[in-house]
Amino acid sequence: MARIVMKFGGTSMAGIERIRHVASRVKAEVEAGNQVAVVVSAMAGETDRLVQLCREAASLYDPREYDVVVASGEQVTSGLLAITLQGMGLPAKSYMGWQLPIRASGHAAALIETIDVDVLERVFDGGGIAVIPGFQGVTAEGAVATLGRGGSDTSAVALAAAMKADRCDIYTDVDGVYTTDPRIVPRARKLDLVTYEEMLELASVGAKVLQTRSVGLAMRYNMPLKVLSSFEDKPGTMIVSDEAIEDSNMERNVITGIAYDKNEARVTLTGIPDRPGVVAAVFGPLADANINVDMIVQNIPRAGEASDLTFTVPTASLAHTAAELEKLKESIGFAEMLTDTNVVKVSAVGVGMRSNAGIAATMFKTLADRGINIVAITTSEIKVSVLIPEEYTELAVRVLHTAYGLDAEEDAA
Ligand code: ADP
Ligand code: ASP
Ligand code: MG
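Below is a short write-up of the structure. (Residues numbered from 1 in each chain as written. Chains lettered and ligands numbered in written order. Predicted model: local features only at pLDDT ≥ 70, side-chain atom pairs only at ≥ 80, totals over all residues. Heavy atoms only, no water.)

Attention now moves to the sheet that holds strand 17 (residues 336-340). Judged by pairing direction, the sheet is antiparallel, and its 4 strands sit side by side in the order 15-16-14-17 without closing on themselves. The sheet is open, and its two edges are formed by strand 15 (296-298) and strand 17, each paired on a single side. Between one strand axis and the next, the sheet turns through 15 degrees on average, direction left out of account. For strand 14 (residues 264-272) and strand 16 (residues 307-314), the ladder comprises 7 bridges, and the chain directions are antiparallel. Residue pairing in the sheet places Ile-272 in a bridge with Ser-307 of strand 16. Its contacts with the sheet put helix 11 (residues 318-333) on strand 14, strand 16 and strand 17, and the angle it makes with strand 14 is roughly 10 degrees. (Pairing = 2+ DSSP bridges. Helix = DSSP H or I, 4+ residues; strand = E, 2+ residues; numbered from the N terminus. Axes fitted to C-alpha atoms, helices over the stretch in contact; angles between N-to-C directions. Contact = heavy atoms within 4.5 Å.)

Quick look at the environment of Glu-46 now. For Glu-46, the position within the fold is in helix 2 (residues 46-57). On the basis of relative accessible area, Glu-46 is assigned to the partly exposed category, the value being 22%. Separated by 326 residues in the primary sequence, Glu-46 and Ile-372 have C-alpha atoms spaced 36 Å apart. (Buried < 20%, exposed > 50% of the residue type's maximum accessible area, 1.4 Å probe, protein only.)

Before going further, it helps to examine the site of ligand 2. Around ligand 2, the neighbouring residues are Ser-41, Thr-47, Glu-74, Phe-135, Arg-149, Gly-150, Gly-151 and Ser-152. Within the backbone of Gly-150, a nitrogen or oxygen atom sits 2.8 Å from an oxygen atom of ligand 2. The protein chains hide 86% of the 260 Å² of surface that ligand 2 would expose on its own. Taken together, the residues of the shell around ligand 2 break down into 1 nonpolar, 5 polar and 2 charged. (Near = heavy atom within 4 Å. Polar contact = N/O pair within 3.5 Å; in protein donor to acceptor, adjacent residues only side chain to side chain. Areas by Shrake-Rupley, 256 points an atom, 1.4 Å probe, with all protein chains shown as cover. Nonpolar A, V, L, I, M, F, W, Y, C, P; charged D, E, K, R; others polar.)

Let us look at the site of ligand 1. Contacts to ligand 1 come from 16 residues, most closely from Thr-172, Asp-173, Tyr-178, Asp-181 and Arg-183. The separation between an oxygen atom of ligand 1 and a polar side-chain atom of Asp-173 is 2.8 Å. Here an oxygen atom of ligand 1 sits 2.9 Å away from a polar atom, N or O, in the side chain of Arg-183. In the complex, 89% of the free accessible area of ligand 1, which totals 580 Å², lies under the protein chains. Each residue belonging to the shell around ligand 1 can be placed in one class, and the counts come to 6 nonpolar, 5 polar and 5 charged.

Moving on, we get to the environment of Lys-93. Along the polypeptide, Lys-93 turns up in strand 3 (residues 92-94). Exposure remark for Lys-93: the relative accessible area of 52% places this residue in the exposed category. With 52 residues separating them along the chain, Lys-93 and Ser-41 place their C-alpha atoms 16 Å apart. Here Lys-93 is in contact with Ala-82, Ile-129, Ala-130 and Val-131, once residues within four sequence places are set aside.

To continue, consider unusual backbone geometry. Between Leu-100 and the following residue, Pro-101, the backbone shows a cis peptide bond with an omega angle of -5 degrees. Structurally, Pro-101 can be placed in the loop between strand 3 and strand 4 (102-105). Even without a glycine there, the phi angle at Phe-135 is positive, about 80 degrees. The exposure class assigned to Phe-135 is buried, which follows from its relative accessible area of 3%.

The next point concerns the sheet that holds strand 19 (residues 376-380). As summarised here, the arrangement of the 4 strands in space is 13-18-20-19, forming an open sheet in which the pairing is antiparallel. Each having just a single partner strand, strand 13 (257-261) and strand 19 make up the two edges of the open sheet. Recorded for the sheet is a direction-independent mean angle of 20 degrees between the axes of neighbouring strands. One ladder, built from 5 bridges, connects strand 13 with strand 18 (residues 343-349); its direction is antiparallel. Bridged to Gly-257 within strand 18 is Val-349. Helix 12 (residues 359-369) contacts strand 18, strand 19 and strand 20 (383-389) of the sheet and is inclined by roughly 20 degrees relative to strand 20.

Estimated volume of the second largest pocket: approximately 280 Å³. Around the second largest pocket sit 13 residues that line it, and Ile-112, Glu-113, Ala-158, Leu-217 and Tyr-221 are the ones nearest its centre. For the lining of the second largest pocket, the secondary structure elements donating two or more residues are strand 5 (111-115), helix 6 (152-162) and helix 8 (212-221). The element that contributes the greatest number of residues to the lining of the second largest pocket is strand 5, accounting for 5 residues. For the lining of the second largest pocket, the residue count by class is 8 nonpolar, 2 polar and 3 charged. (1 Å grid on protein atoms, 1.4 Å probe; cavity = no way out; pocket = protein on both sides within 12 Å on 5 of 7 lines; lining within 4 Å. Points joined across faces, edges and corners; volume = space filled by probe spheres on them.)

Turning to the pairing of strand 16, a few remarks are in order. Counted residue by residue, strand 16 has 6 buried out of 8 residues, so it is predominantly covered. Here strand 15 pairs with strand 16 via 3 bridges, running antiparallel. Paired with Gln-298 across the bridge in strand 16 is Leu-309.

Turning our eyes to something else, we now look at the packing of helix 12 against helix 13 (residues 393-403). Where helix 12 contacts helix 13, the two axes come as close as 10 Å, and the packing angle between them is 130 degrees. As far as their axial angle goes, helix 13 and helix 12 are oblique. In this structure, the crossing between helix 12 and helix 13 has a hand that is right-handed. Judged by residue contacts, Thr-362, Met-363, Thr-366 and Leu-367 of helix 12 engage Ala-396, Val-399, Leu-400 and Ala-403 from helix 13. Of the residues belonging to the contact of helix 12 with helix 13, the class tally is 6 nonpolar, 2 polar and no charged. (Parallel < 35°, antiparallel > 145°, perpendicular 65-115°, else oblique. Left-handed = near helix turned anticlockwise from the far one by under 90°.)

With that settled, consider the side chain of Thr-270. Summarising the element assignment, Thr-270 is placed in strand 14. Every residue in contact with Thr-270, bar those within four places of it in the chain, is listed here: Ser-307, Asp-308, Phe-334, Ala-335, Glu-336 and Leu-338.

Interpretation note: all reported values are geometric properties and have no functional meaning in isolation.
Written as structure tokens, this is what we have:
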């Protein structure tokens, strides 16, 4: 007997027919003798609809009330799945975030603090199935909190860690983690194994198949994490430790995958004076305002002359960033602030980069051959990212996928 968490995403929960199918997968695991907690997302499109309603109600809405609204999608699907399982003769019940409770701090992108598993232990002792809405928790004040978009993955892994599950299975609308988003590159290849570290980096640069925080948590707790299809019976992708991959003796590509992120906006400050402390005077206040600056490029000025400073922030923080910088204009003394939301960050990720030179050069040459201009570059030990005009997203991802030898064979595509 194993103890497992099964998480089903929005497409898998979209409508009663699909919920019935999810219920049959849960039934199979229960009948195999496993203790099962199911974590569900809202129906596909529902959270977007609820977010839009908040925006229509007020452009600067209260995050506490936003959470009250957007958490409701998962409440509906967990109730519906419990009803469906009961209809199949299975002892299932739903437990909201506040009923367990899943304690969290903050609103709109709340962090899970602790999860009480007493209720779950009683459910399992009685041979029952727990259905838990993803994405939600409860604050110390007793208010509903949500964990940020895509947060049901994090709910599932956190729950799996708290209840000491043997594994956490993430069921979604693709049959695993691919070398890039299979919806934009049909020749993307499914990966059988990915390391936590690579998945963490891929998720953080835009591969939305798993929420970044869920991968970080799985890595910390060494929780076996699997991504697999809700609809097809296929083996999926295992996310494993570095050592497990080394032990498997698999031949690996230097680059594991390519990801893209359209949620970045470029900000350029022109005429920045050349004096010590200027960069700190820009980024200090942005950090204090909780704005996450990502890529940074500064031109080196000729002695005594002014230069330009370019950086990126999440598109959602652009208005906030512009307001903060406007306040600093006089004290810093920059000439102009230029912004652009029509940019995309494209990244190549792979642990093999550590021991292979020339990965970045291949990226620059491949993009140059297509006439794609690079606005900014950042690198880490296992990643190279470039900022390019958004109109080239698909072309760039496709040509890089080919350049790094990731394309599937013609007949397998
Ligand atoms: P869910 O609703 O199940 O949480 P998501 O829409 O959040 O599903 O994530 C699944 C989607 O992630 C896929 O439909 C796919 O378009 C996208 N995706 C992006 N990058 C990748 C990748 N490298 N591998 C697989 N899917 C990816
Ligand atoms: N329903 C939430 C969202 O769409 C959480 C999730 O699906 O993971 O962001
Ligand atoms: Mg998701």
